[in-house]
Amino acid sequence: MTKRFSPGQLVLLVVTGALAVVWLAPLAWAVATSLKPEADTNKIPLQWVGSEVTLDAYRLVLGTGGIVKWAINSTVTAVVVTVMTVLFSAMAAYGFARTQFRGRRVLLAVILAGIMVPPQVLIAPLFAEMVALGLVDTWWGIILPQVAAPVIVYILYKFFQGVPPELEQAAFVDGAGRWRVFFTIVLPLSRPVLAAVSIFTFITTWNNFLWPFLVSTDPNTMTLPVGLANVVQGTFGVRYAQIMASVVLAGLPLLIIFVFFQRQIVRGVAHTGLAGE
Amino acid sequence: MTTTVEAPAGAAPVAKTGAGRRWTQHGLLFVAPFLVVYVAFLVWPLLLGLRMSLTSVNIAGSNAGFVGLANYAEAFGDPRMWRSLWNTVLSTVPLVVLGLVFALLVHNLRFMRWLWRLSFFAPFLLPSAVVSLLWLQMIYQPGFGLLNGTFGTDILWLGDPDLAMWSVVMTTVWWTVGFNFLLYLAALQSIPEHLYEAAAIDGASAWDKLRSITLPMLRRTTGLVVVLQLLASLKVFDQIYLMTGGGPENSTRPIIEYAYDIGFTGYRVGYASAVSYILFILIVAVSLVQLRLFRKREESLR
C-alpha cells in the first residue's frame, strides 16, 4: 500500500466531492421541495428549507390514489416482462447453444439481427397491430412487445456456450432429459448472469416510457412514468411540492434496488457494454 | 444433421458426444416460445412498417395508396430531418468526455468510492418522466428554479431557441453519463497495475502515465462508448418530448420525435414510417461499425 493521504489525493477528493455535490443537487432539491408547505416552494431567493418540514405533499399525492395505481401497474408489468423475458430467452439461448435442430443457424442469425432494430422504429406498425388485436389499454399490450428482446438471448447464449458440457453429461448418463438438465443444472448454475439480466430487464421495463405511453391512454392501465407525465401536471397544476413528492416516490424504488444490488447492476452494465448491447 | 435418430423422451443418449444430436425436437421446443413473441412483435411489425413506408397511409388506416419511394425522397429533401439528425448526434461528445473524466477521478481516488459511484450513477436509474418533470419544473424554471435561483439569473433555459438544445443536452448528460462512467470504470480496473509500476520506476509523471498508458489502453473502450452513445443518442425521445415537445422552433427535435410528430400528431403514418426506416438504416450502419470494434476486442483478448 502506498501512502493513503497525499496532497494529490486531497485535490482529487475536493474535485470529485464538488462534482458529486453538483450531480446530487437536483435530487436533493426535489426532496427539499417535496418537504415544504406549498406556499414556500416558489420563493425567491431560494430557500432549501421552508417555514416548516412537512409530509403534507406526500399525504395528498398518495391520497389521490393515482400514483398507487400506476405503481401497481408498473410493478405487475415489469415483473411479468422480466419473468417472461428471462425464461423465454434462457430457453432459446440454451436451445441455440446446446441442441441441434434443422434451421438452427438461420434462426439464430435472424434473432441476433433483431438486436439492431431500435424499438422506436416499430411503434407505428406495432400500434396498428395492437389495435387489430384489441390489446390497447391492457396489461398484455404493454407487456408482450417488451418480451421480444433479442439482446438478452445473445447475452445468455454467450454464457451457456461457456458452461462446461461435462457438468451436463453426468446427468444425461443418469437418465435425465434435456428439460431436467436445463432446469436443475444449467439454470441454477447461471444464477449470477440471470440475476444481472433480470435486474437489467426490470430497470429498462420500469423506466420505459414511449411504448407504454402509446399503448395506454386509460389512467387505469398507465404505468408510473406515463401516469406522471400525462396527468400530474394537469391534476396538480402548479403545486410544486406535490409534483416533487411524486417525483421522489417514482424515483425511489429503483434507487433502493440499486443500493441492494449494486454489484449485479454494475456487472450487468459492464457486461451489456462489453457484449456490445 | 439430416439423419437424426428419433430418441424417446427421457432416454439417455448412448454416446457422450452424440448428446446434442438426439434431441432435435427438444431443441426447437426450447426456442419456440421466444420465437413466437419475437416474430409476432418484432419481425411482423418490422415488415408491416416497411410496407407502410411505401404508402400514403394515415393513422386511421385509410388512403393507403402505394407511393413507392416518394416518402423517402421527401424525407431526404426535408431540412427538418437533417436538423433533427444533427440534434441527435450533438450530445455524444460531452457524454463520452465527462464519463471518462468521472471514471478517472473515482478510479484514482482511494476514499469512499461507493459514494462517488452512487452519486454519478444514481440519475441513470430514474425514469425519464421523473428526470423531465424535475428539470422542467424545478431546475430550469424561470425565477425560482435551482439554476436561476442559485446564480441570480433570469435565463429562459428551454424557451430560447439558441439555448434550448444545450439545456436538453445538459439534462441528458446529467441523467445518462453514469452508464459511460461505469463502462470506463470497469475498463480502468482491468489495466494491469505493473504497467504503472514500471512507469513509476522510469520516473514518469502522472500526466505521462495518463497519456502513454491509460488513454491508449482505453482506446477500444472509447470506441465502444462512442458507438453505444451514438446509438443511444439516435434513440433519444422521452426527455425531449416531455420537456420541450421539440420546440422552440424545432431547435430540440430529435429524429424519433420528428417521426412521432408526423405519425401520431400529423397523422401521416406512411411518411413517419419512412423516416423511421432511415433511422433504422443509420442504426444498422453504426451497429456494424460497433460489431467490427467488438470483434477486434475479442481477438485482442485471446
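Residues numbered from 1 in each chain as written. Chains lettered and ligands numbered in written order. Predicted model: local features only at pLDDT ≥ 70, side-chain atom pairs only at ≥ 80, totals over all residues. Heavy atoms only, no water.

Peer 1: Explain the pattern of salt bridges here, please?
Peer 2: As enumerated under the stated definition, the model contains five salt bridges over all chains in all. Here Arg178(A) and Glu168(A) are joined by a salt bridge, their closest N and O atoms 3.4 Å apart. Here Arg178(A), found in helix α9 (residues 178-189), pairs with Glu168(A), found in helix α8 (residues 166-173); they are ten residues apart in sequence, far enough to count as distant. A single burial state applies to Arg178(A) and to Glu168(A), both of which are buried. Between Arg268(B) and Glu74(B) there is a salt bridge; the shortest N-O distance is 3.2 Å. Of this pair, Arg268(B) sits in the loop between α13 (255-265) and α14 (269-301) while Glu74(B) sits in helix α2 (residues 70-76), placing them 194 residues apart in sequence. The class of Arg268(B) is partly exposed, set by a relative accessible area of 37%. A network of salt bridges, in which partner residues are shared, links Arg98(A), Glu168(A) and Arg178(A). (Salt bridge = Lys/Arg side-chain N within 4 Å of Asp/Glu carboxyl O. Helix = DSSP H or I, 4+ residues; strand = E, 2+ residues; numbered from the N terminus. Buried < 20%, exposed > 50% of the residue type's maximum accessible area, 1.4 Å probe, protein only.)

Peer 1: What is the right way to look at the environment of Tyr260(B) in this model?
Peer 2: The topology assignment puts Tyr260(B) in helix α13. When its relative accessible area of 8% is taken as the criterion, Tyr260(B) is described as buried. Setting aside anything within four residues of it in sequence, one finds Tyr260(B) in contact with Phe213(A), Leu214(A), Phe237(B), Tyr241(B) and Thr265(B). (Contact = heavy atoms within 4.5 Å.)

Peer 1: I keep staring at the packing of aromatic side chains and nothing clicks. Help me out?
Peer 2: Two descriptors summarise a pair of aromatic rings, namely the distance from one centre to the other and the angle between the planes of the rings. Taken as a whole, this structure holds 27 aromatic pairs over all chains when the rule is applied. With a centroid separation of 5.1 Å and an interplanar angle of 45°, the aromatic rings of Tyr94(A) and Phe182(A) are classed as tilted. Highlighted residues: Tyr94(A) in helix α3 (residues 66-98) and Phe182(A) in helix α9, separated in sequence by 88 residues. Exposure class is identical for Tyr94(A) and Phe182(A). Each is buried. With 5.0 Å between their ring centres and 75° between their planes, Phe182(A) and Phe183(A) make a pair best called edge-to-face. Phe182(A) gets classed as buried once you look at its relative accessible area, which sits at 0%. According to the relative accessible area criterion, Phe183(A) is partly exposed, its value standing at 40%. An aromatic cluster is defined as three or more aromatic residues linked by ring pairs; in this entry it consists of Tyr94(A), Phe159(A), Phe160(A), Trp179(A), Phe182(A), Phe183(A) and Phe30(B). (Phe/Tyr/Trp six-rings, centres within 6.5 Å; stacked < 30°, edge-to-face > 60°.)

Peer 1: Would you explain the packing of helix α4 (residues 92-108) of chain B against helix α8 (residues 161-189) of chain B in this entry?
Peer 2: How two helices sit against one another is set out by the angle between their axes and by the gap between those axes. All names here are of chain B. Packing of α4 against α8 brings their axes to within 7 Å, and their N-to-C directions diverge by 50°. Judged by the angle between their axes, α4 and α8 are oblique. By crossing handedness, the relation of α4 to α8 is classed as right-handed. Side by side, α4 and α8 meet where Pro94, Leu95, Val96, Leu98, Gly99, Leu100, Phe102, Ala103, Leu104, Val106 and His107 of the first sit next to Val169, Thr172, Val173, Thr176, Val177, Asn180, Phe181, Tyr184, Leu185, Leu188 and Gln189 of the second. When grouped by side-chain class, the residues that make up the contact of α4 with α8 number 16 nonpolar, six polar and no charged. (Axes fitted to C-alpha atoms, helices over the stretch in contact; angles between N-to-C directions. Parallel < 35°, antiparallel > 145°, perpendicular 65-115°, else oblique. Left-handed = near helix turned anticlockwise from the far one by under 90°. Nonpolar A, V, L, I, M, F, W, Y, C, P; charged D, E, K, R; others polar.)

Peer 1: I keep staring at the nonpolar core and nothing clicks. Help me out?
Peer 2: In terms of nonpolar packing, the biggest core is built from 182 residues, with Leu156(A), Leu134(B) and Trp174(B) touching the most fellow members. Per-element accounting of this core gives the leading share, 15 residues, to α8(B). Residues within four places of Leu156(A) in sequence aside, it is in contact with Val86(A), Ser89(A), Ala90(A), Ala93(A), Val193(A), Leu194(A) and Val197(A). (Core = buried A, V, L, I, M, F, W, Y, C linked by side-chain atoms within 4.5 Å.)

Peer 1: Got a minute to help me understand the interface of chain B and chain A in this structure?
Peer 2: A common measure of how large an interface is: the accessible area buried when the components associate. Tallying the contact residues gives 97 residues for chain B and 106 residues for chain A. Counting each side, the surface lost to burial between chain B and chain A is near 9,300 Å², with a carbon and sulfur contribution of 78%. The largest per-residue losses of area from chain B upon contact with chain A belong to Phe30(B), Phe34(B) and Phe41(B), which jointly make up 10% of the total buried on that side. Counting across the chain B and chain A interface gives zero salt bridges. The interface formed by chain B and chain A includes ten residue pairs in polar contact (both at pLDDT 80 or more). Examining the composition of the side of chain B that touches chain A, we find that 21 residues originate from one element, helix α1 (residues 24-53) of chain B, more than from any other. Of the residues in the side of chain B that touches chain A, the class split is 70 nonpolar, 20 polar and seven charged. (Buried area = accessible area lost by both parts, 1.4 Å probe. Polar contact = N/O pair within 3.5 Å; in protein donor to acceptor, adjacent residues only side chain to side chain.)

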